Amino acid sequence: MTQTALTALLRIVARLALAAGLALALTAPAAASSARLKDILDVEGVRDNMLIGYGLVVGLNGTGDSLNNSPFTEQSLIGMLERMGVNTRGTNLRTKNVAAVMVTATLPAYAAQGTRIDVTVSAMGDAKSLLGGTLLVTPLMGADGEVYAVGQGPIAVSGFSASGQGASVTRGVPTSGRIASGALVEREIQFALAELPVLRLSLRNPDFTTAQRVALVINQQLRGNMAQATDPSSVLLTVPPARRGDVVGLLTEIEQLRVTPDQVARVVVDEKSGVIVMGENVRISTVAIAQGNLTIRITETPQVSQPGPFSNGQTAVVPRTDIQVDDQSQNRLAVMNSGVTLQELVQSLNALGVGPRDMIAILQSIKAAGALQAEIEVI
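Quantities reported herein were computed from a predicted structural model and do not represent experimental measurements.

Novice: How would you explain the packing of aromatic side chains if you had to name every residue and give the values?
Specialist: The tally for this structure, following the rule as stated, stands at zero aromatic pairs. Over the face of the ring belonging to Tyr 148 we find Arg 187, whose NZ or CZ atom lies 5.7 Å from the ring centre.

Written out as structure tokens, the structure is:
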């Protein structure tokens, strides 16, 4: 092979490699933006259930409830002892090793009788810490008042609290703990999923476009018109006659399909923490923004006035106040053209040198001017 032919071959290989890299760069964002159906929707009927119960924690090292300040703890303790055959009515209980707690848990869908679930224990009274405590048998009830699980066991607390006469140290939340596999399921929630002729798929983020895309990709997989988007949050799936009784296999096949979720242009603002989250579809029209801060700085520098020698005067503190007003600092004007993207919007706001609090006011002002093509949601 001649040198000229070798050079031409190397150029062709380089062009093919460049084209392959460019194609990969173009397809990677699209693949990364897609999501599996199991990550964006739920199947109606396949859901968790909240459980709650009231119980007592014993074995605390003097960090439990003060019975004088927590009458419900004293009443629960007396009732528990009476069920055990101990009569304590009319006596003055002074123990501080007991705490009244609320026990919460989540019952997974189709949890079988005899399986174990985790529980969370939280103090109700003025207990200082639940470290080292043991939860006594506590029935966990659902919203219908029926008992679905029973919890008991030693509590694992991640925080701690230590104090002395002059100082105290607290890390985490010592009045809340967790018991891994601390509850035993006593009753199952029956739901005949395999017998349903129609499945309702609920989108976690309702959107018309996303619902239509989900129905389209399911119909392509099943090669028929089996799925139909009825509203922004629901897609009805008719089980094919050949798949009757195999709903689990059908859902396993469908939930691995991938779609690209769509979203509305929205700006979420948290007034309490100053957090701002803007979606990629946020656009603004041509607008000019000026931002300036009025700063008033007051400095107190008291001075001591001493009387002259051998005089009858008295030492006095004379106030000295210095007031500075700055209304010209960082006064800048930024012009944003029509169709500004999220990145350009953030860069322009950062160029003004504004913080999150001022940025919230700027976004609200842009929305009031009709130049922000997005929703503003304040949480």
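Novice: Give me the lowdown on unusual backbone geometry, citing residues and values where you can.
Specialist: One can expect most non-glycine residues to show negative phi and most peptide bonds to be in trans. Phi is positive for Tyr 110, close to 60 degrees, though the residue is something other than glycine. The residue Tyr 110 is located in the loop between β4 (98–107) and β5 (116–123) in this model. Positive phi is not limited to glycine here, since Ser 181 has a value of about 55 degrees. Of note, Ser 181 is situated in strand β10 (residues 176–185).

Novice: Can you tell me about the sheet that holds strand β15 (residues 266–270), naming the residues and giving the values?
Specialist: In spatial order, the strands read β16-β15-β25; together these three strands make up an open sheet with mixed pairing. In the strand order of this sheet, the two ends are held by β16 (275–278) and β25 (375–378), each with one partner. Sheet twist, expressed as the average angle between the axes of neighbouring strands with direction ignored, equals 15 degrees. As defined by bridge partners, β15 adjoins β25 across four bridges and the pair is classed as parallel. Note that in β25 the partner of Val 269 across the bridge is Val 378. The sheet contacts of helix α7 (residues 356–368) involve β15, β16 and β25, and relative to β16 the element is tilted by about 45 degrees.

Novice: Quick rundown of helix α4 (residues 208–222)? Include the residues and the values.
Specialist: With 15 residues, α4 extends 21 Å from end C-alpha to end C-alpha; this agrees with the ideal 21 Å at 1.5 Å per step. Within α4, the full set of buried residues consists of Thr 210, Ala 211, Val 214, Ala 215, Val 217, Ile 218, Asn 219 and Leu 222. Between the side-chain oxygen at the start of α4 and the backbone nitrogen of Thr 209 there is a gap of 3.0 Å, and the oxygen is on Asp 207. Phi for Arg 223, located one or two positions after α4, is positive at around 55 degrees.

Parameters and conventions
- Residues numbered from 1 in each chain as written.
- Predicted model: local features only at pLDDT ≥ 70, side-chain atom pairs only at ≥ 80, totals over all residues.
- Heavy atoms only, no water.
- Phe/Tyr/Trp six-rings, centres within 6.5 Å; stacked < 30°, edge-to-face > 60°.
- Lys NZ or Arg CZ within 6 Å of the ring centre and 35° of its normal.
- Helix = DSSP H or I, 4+ residues; strand = E, 2+ residues; numbered from the N terminus.
- Pairing = 2+ DSSP bridges.
- Axes fitted to C-alpha atoms, helices over the stretch in contact; angles between N-to-C directions.
- Contact = heavy atoms within 4.5 Å.
- Expected span 1.5 Å × (residues − 1).
- Buried < 20%, exposed > 50% of the residue type's maximum accessible area, 1.4 Å probe, protein only.
- Polar contact = N/O pair within 3.5 Å; in protein donor to acceptor, adjacent residues only side chain to side chain.

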